[in-house]
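# Structure at a glance
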Amino acid sequence: MPLLQRRNYRLRTIAAVLCSTALAAQTPSVLERIASRITANDLKAGVSFLASDALEGRGTPSRGLDIAAEYIAAEFRRAGLEPAGDDGYFQTAPFAMVTPNLEGLELTLETGGQNIKADQAAMALQEPRAADVTHAAAVKADLGALDALTEDQLKGKVLIVEVPNASGFSPEQRRDLFMRLARVPPLASKLGAALVIQLRAAGQPTNTNARLREASSAAVPALAVWDSAVGGALVAAKAGPLEATVSAHIEAPAAAPVKLRNVIGVLRGSDPALKNTCVVVTAHYDHLGVRGTGEGDHIFNGANDDASGTASVIEIAAALAALAERPKRSIVFVALFGEELGLVGSRYYAQHPVFPLLDTVADINLEQVGRTDDSEGPRVRQFNLTGFDYSNIATIFGKAGEETGIRAVKDEKKSDSYFGASDNAAFALAGIPSTTISVTYMFPDYHKVGDEWPKLDFDNMARVDCAVALGVLRMADSAESPQWNRDNPKTATYVQARDATGAKPR
Ligand SMILES: [Zn+2]
């Protein structure tokens, strides 16, 4: 992108605003100032660079992702945001790319005087870590009752859980199951278990690919097993200590260090007390990278998903930073890595927040805000919020939308089911009232190589971002922080997490 040209454009825009102001002989309102700064052309510039083939689809990890991070940091620098990472604007996340090693993998169940050896082809490493277990006692537990387990029950033992067949599950139920399963190895590690065995029905998905793992994470090795003999001996058993022991051998996986980065800039608040609290504005800057081989296009550009959100974060930050007055609360702008791999960057942030979670009043996440051609019909001059009834956030953006001539709407089918599908979920699970703002949920090129920047409606995007900027500013200027809707049973987990931070409900 020609930066010089862009700066000239901006100067011309400012000049135009100043001229019209002089003619009108009055100070432009905050909304007018924001609207003059967030332009379709600047958004197009940002998205076209982030989604260019040169960045190769911004896979996590990749050189394209690193270049995108540098670009975002440069834009935060231009806007005058305070760097809030450990390395300037970068929050460094030490990860490892871990490749399971199936060589010499063995599992034997000793029960009723019999040794049942699992077929190696009926096992996969869910959490690949080295293990050598000999005649260890086995404990079976319900996946829904893991929190009741104690160190006494589990130390040095093998934890066995049955994984329900997810083939008939909704996407929401699948995600829920995925989250539950991901919690098992760290929990088992905390309680001193030696190994986790997930009993699965044959044909269920297991992850055998190389995967990212936080370098310092502690967890117990977890083995997915669908061997019929082992399953037959264990499925009928009730939860509790089993009349069985387990022996197993797992080789250490190959692990290559990977440095991943969230990009974080802060617009510092001005109110002596409220400036120590913040509103977080997020978007993920990664996408699916390059996939497949052979003839044709293999670059997943991710223009709408989510270069659109990333460019929006940049322009909203620049517009709010350019206002004469600082907001009362601080506003933290975060571009996140690894969303497409399962909210990896946002979960990392939630574990290593720049502001304490207690002082973080909301996360406003932006996803797919560029295209208006939703698979179910056009979406112009409107935006959706996930978890529309989960908190009072939608009300705040509804009012901001009214002022900017655009509607905040609830998608009756997807408002709730998509709440857990993007980075706002990691913040919600940490207790922070959150939402994802989108223009489309499903669009024709979703997760395809054709998600390219010329297909975005940048005029509409500028209008949406203007409403988002105004809503964020209102939130940052209000002494009242957004609250979960405690009457909605779907918020129970998030409310519990919020209360655990010590936040006082109003
Ligand atoms: Zn996305």
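Throughout this document, residue positions are counted from 1 along each chain, in the order its sequence is written. pLDDT decides what is reported in this predicted model: residues at 70 or higher carry local features, side-chain atom pairs at 80 or more are listed and counted, and totals for whole chains, interfaces and linings draw on all residues regardless. Computation of side-chain values covers all heavy atoms of the structure but excludes hydrogens and water.

## Some thoughts on the side chain of Ser-346
- Turning to its location among the elements, Ser-346 is positioned in helix α9 (residues 344-351).
- The buried category is assigned to Ser-346, whose relative accessible area is 0%.
- Within polar-contact distance, the side chain of Ser-346 engages the side chain of Asp-423 at 2.6 Å.
- Apart from the residues lying within four places of it in its own chain, the contact partners of Ser-346 are Leu-336, Phe-337, Asp-423, Ala-426 and Phe-427. Helix and strand definitions follow DSSP, with helices as H or I runs of at least four residues and strands as E runs of at least two, each counted in order from the N terminus. Accessibility here uses a 1.4 Å probe with only protein chains present; expressed as a share of the type maximum, an area under 20% marks a residue as buried, one over 50% as exposed, and anything in between as partly exposed. In protein, a polar contact requires one atom able to donate a hydrogen and another able to accept it; more generally it is a pair of N or O atoms within 3.5 Å, and residues adjacent in sequence count only if both atoms are side-chain atoms. Contact between two residues is taken to exist if any of their heavy atoms lie within 4.5 Å; hydrogens are not considered.

## Observations regarding the coordination of the zinc ion
- Here the zinc ion is held by the protein donor atoms His-284 (NE2), Asp-305 (OD), Glu-367 (OE) and Glu-367 (OE), which lie 1.9 to 2.4 Å from it.
- The site at the zinc ion holds four donor atoms, and with the angles between them running 57 to 155 degrees, its shape is irregular.
- Because no water is among the atoms considered, metal sites can look incomplete, with donors defined as N, O and S atoms within 2.8 Å of the metal, or 3.2 Å for Na, K and Ca. The sequence pattern formed by the donor residues of the zinc ion is H-x20-D-x61-E. Of this pair, His-284 sits in strand β13 (residues 278-284) while Asp-305 sits in helix α8 (residues 303-321), placing them 21 residues apart in sequence.
- Residue classification places Asp-305 among the buried residues on the basis of a relative accessible area of 2%. Sites are called tetrahedral only when four donors show all angles between 85 and 135 degrees, square planar or octahedral only when four or six donors show opposite pairs over 155 degrees and all other angles between 65 and 115, and irregular in any remaining case.

## Quick notes on helix α6 (residues 171-190)
- With 20 residues, α6 should reach 28 Å at 1.5 Å per residue; the first-to-last C-alpha distance of 29 Å fits that figure.
- Where α6 bends most, the angle comes to about 30 degrees, and this point is Val-184, followed within four residues by the proline Pro-185.
- Listed in full, the buried residues belonging to α6 are Leu-177, Leu-181, Val-184, Pro-185, Leu-187 and Ala-188.
- Buried-residue contacts for α6 involve β5 (123-127), β7 (158-162), β8 (195-199) and β10 (222-225).
- The positive-phi residue at the C-terminal boundary of α6 is Gly-192, with phi of around 80 degrees. For a helix, the expected span equals 1.5 Å multiplied by the number of residues minus one. Here the bend at a residue means the angle between the axes of two seven-residue stretches, the one that ends at it and the one that starts at it.

## A look at the nonpolar core
- Buried Ala, Val, Leu, Ile, Met, Phe, Trp, Tyr and Cys residues that are joined via side-chain atoms within 4.5 Å together make up what is termed a nonpolar core. One finds Val-263, Leu-320, Phe-333, Ile-364 and Phe-397 to be the most contacted residues of the largest nonpolar core, which totals 77 residues.
- No other element matches the 13 residues that helix α12 (residues 458-477) contributes to this core.
- Ignoring sequence-local partners within four residues, the contact set of Phe-333 consists of Phe-76, Leu-81, Val-263, Ile-264, Gly-265, Leu-267, Val-281, Val-313, Ile-316, Ala-317 and Leu-320.
- One finds Leu-107, Ile-116, Ala-131 and Leu-195 within the second-largest nonpolar core, a separate group that totals 25 residues.

## Some points on the domain arrangement of the protein
- Taken domain by domain, the protein consists of domain 1 (3-96 + 258-500) and domain 2 (101-252).
- Relative to domain 2, the C-alpha centre of domain 1 lies at a distance of 38 Å.
- Across the interface of domain 1 and domain 2, roughly 1000 Å² is buried in total on both sides, 63% from carbon and sulfur atoms.
- Salt bridge criterion: a side-chain nitrogen from Lys or Arg within 4 Å of a carboxyl oxygen from Asp or Glu. Taken together, domain 1 and domain 2 are joined by zero salt bridges.
- Across the domain 1-domain 2 interface, the total number found is three residue pairs in polar contact (both at pLDDT 80 or more).
- Among the secondary structure elements, those contributing two or more residues to the side of domain 1 that touches domain 2 are β2 (90-99), β12 (254-267) and α9.
- Counting residues per element, the side of domain 1 that touches domain 2 draws most heavily on β2, which supplies three residues.
- Taken together, the residues of the side of domain 1 that touches domain 2 break down into twelve nonpolar, five polar and one charged. Residue ranges labeled as domains rest on an automatic or database domain assignment. Accessible surface is computed with a 1.4 Å probe, and the buried area is the amount of it that two parts give up when combined, taken over both parts together. Lys, Arg, Asp and Glu make up the charged group, whereas Ala, Val, Leu, Ile, Met, Phe, Trp, Tyr, Cys and Pro make up the nonpolar group; the residues left over, Gly among them, are polar.

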